[in-house]
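Now for the letters of each chain:
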Amino acid sequence: MNLCCGHQTACRAVFAMSWVTLGMETMALTMLTLVEGMGAYYVSKETRFGKAEIEACNTGAKMPVDVMVSIKELEWRPYESYLEFASMWFTFNVLFNLVTIVAYYAYGGLRFYRTFRTEQELQAEASGK
């Protein structure tokens, strides 16, 4: 960037790009967490239905492989029901996304704090205090 524009302009551009990237990633994680949370909520509602309705949902469905059970038994094992798979999937994704988004917000807050503190120090130096 220094070849295209001055050093100060390049620094400002890189700084702005980093904040835009952090904002886009945080927004995407927030949206994922909301969607996965809605999925987990609706899957939890499905367990209240009767066994006949749950079995009707499984009819003709090709169940995904349950990796943990397959590893334990050393052979491919599908999930017992689609509802079990969906519940496991949404629960894991919600928890993973929440942990990740907390880390992103903490990092964003830390960057904001450091930038604010540095700006205060620069202003104090400039004013001669």
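One can find the structure itself at the top, above this paragraph.
Residues numbered from 1 in each chain as written. Predicted model: local features only at pLDDT ≥ 70, side-chain atom pairs only at ≥ 80, totals over all residues. Heavy atoms only, no water.

A. Layout of the environment of Asn-58. Take Asn-58: it is sitting in helix H2 (residues 51-58). Residue Asn-58 is classed as buried on the basis of its relative accessible area of 11%. Sequence spacing of Asn-58 and Gly-23 is 35 residues, and the spatial spacing of their C-alpha atoms is 40 Å. The contact partners of Asn-58, leaving out residues within four places of it in the chain, are Met-63, Glu-80, Ser-81, Tyr-82 and Leu-83. (Helix = DSSP H or I, 4+ residues; strand = E, 2+ residues; numbered from the N terminus. Buried < 20%, exposed > 50% of the residue type's maximum accessible area, 1.4 Å probe, protein only. Contact = heavy atoms within 4.5 Å.)

B. The arrangement of unusual backbone geometry in detail. Phi is positive for Leu-74, which is not a glycine, with a value near 55°. Mapped onto the fold, Leu-74 is located in the loop between helix H3 (67-73) and helix H4 (82-127). Judged by its relative accessible area of 78%, Leu-74 falls in the exposed class.

C. Spotlight on the pattern of salt bridges. Enumeration according to the criterion identifies three salt bridges in this entry. With its nearest N and O atoms 3.2 Å apart, the salt bridge here joins Glu-75 to Arg-77. Judged by its relative accessible area of 42%, Glu-75 falls in the partly exposed class. Overall, the relative accessible area of 32% leaves Arg-77 in the partly exposed class. (Salt bridge = Lys/Arg side-chain N within 4 Å of Asp/Glu carboxyl O.)

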